Amino acid sequence: SSGINAEYGGPAIGAGFCVSMFCDLRITADDAKLGANFVKVGISPGMGGSFTLPQKLQNQICNDVVFTGRTFSGQEAEKMGVVLKSVPSRAMVLDESLGLAEQIVSTTSPNAVQETVKLLRAPYLQIMDAQLQLEAEAQARCFASNDFKIALASVKNKTLPVFD
């Protein structure tokens, strides 16, 4: 197993954002939009977000991201520690990521990197299945809630939701 880089050339909101958090290194453009907007649509985080976000982000940053559902720029994501680096333009994201990968490949032992990746992931893999099950159960309860219906109607009508 090797390390995985994520490049954000554009928006990564909700599921896309959460899936990207499984990646080892994340590079974004300054103007990219990122966020976990689940609470704004009446559901709890999905796609592994309840597992990866607390693991990858400092506690209060994680809470801010998931409790508010707000979106933030690539620049802010770098300051928050969500991404390793934010670059000025979308055209530079892939080159930056490939440069980082080239640095790793050309200056380190492939075996040592692979073993390190395994070691860093091992503690999380032991608990991930249980957390993903809890996440699925929480989302099922949210999908059945009145809040979800209110949120869907507000999206359809392009208004802000007013929850009971």
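See the structure above.
Described in the following lines is the structure provided in the data block.

What counts, and where the lines are drawn
- Residues numbered from 1 in each chain as written.
- Predicted model: local features only at pLDDT ≥ 70, side-chain atom pairs only at ≥ 80, totals over all residues.
- Heavy atoms only, no water.
- Core = buried A, V, L, I, M, F, W, Y, C linked by side-chain atoms within 4.5 Å.
- Buried < 20%, exposed > 50% of the residue type's maximum accessible area, 1.4 Å probe, protein only.
- Helix = DSSP H or I, 4+ residues; strand = E, 2+ residues; numbered from the N terminus.
- Contact = heavy atoms within 4.5 Å.
- Phe/Tyr/Trp six-rings, centres within 6.5 Å; stacked < 30°, edge-to-face > 60°.
- Axes fitted to C-alpha atoms, helices over the stretch in contact; angles between N-to-C directions.
- Parallel < 35°, antiparallel > 145°, perpendicular 65-115°, else oblique.
- Nonpolar A, V, L, I, M, F, W, Y, C, P; charged D, E, K, R; others polar.

## Notes on the nonpolar core
For step 1, the next point in the chain: With 21 residues, the main nonpolar core has Tyr8, Phe17, Leu53, Val65, Phe72 and Val82 as its most contacted residues.
For step 2, the next point in the chain: Among the elements of the structure, helix 1 (15-20), helix 3 (59-68) and helix 4 (74-80) are those that each provide at least two residues to this core.
For step 3, the next point in the chain: Counting residues per element, this core draws most heavily on helix 3, at 3 residues.
For step 4, the next point in the chain: In this view, Tyr8 contacts Phe17, Ser20, Met21, Arg26, Ile27, Thr28, Ala29, Ala32, Leu34, Val83 and Val93; residues no more than four positions away in its chain are not counted.

## A short note on the packing of aromatic side chains
For step 1, the next point in the chain: Here the structure, examined in full by the defined rule, presents 3 aromatic pairs.
For step 2, the next point in the chain: Consider the rings of Phe17 and Phe72, whose centres lie 6.0 Å apart with planes at 85°: the pair is edge-to-face. With Phe17 in helix 1 and Phe72 in strand 5 (residues 72-73), this residue pair connects regions lying 55 residues apart in the sequence.
For step 3, the next point in the chain: Of the residues examined, Phe17 reaches a relative accessible area of 0% and is grouped as buried.

## Description of the packing of helix 2 (residues 49-56) against helix 6 (residues 110-143)
For step 1, the next point in the chain: Closest axis-to-axis distance for the helix 2/helix 6 pair is 8 Å, and the angle between their directions is 130°. Taken together, helix 2 and helix 6 sit at an angle that is classed as oblique. For the pair helix 2 and helix 6, contact is made by Gly49, Ser50, Phe51 and Gln55 and by Tyr124, Ile127, Met128, Gln131 and Glu135, respectively.
For step 2, the next point in the chain: Looking at the contact of helix 2 with helix 6, its residues break down into 4 nonpolar, 4 polar and 1 charged.

Keep in mind these numbers describe shape, not what the thing actually does.
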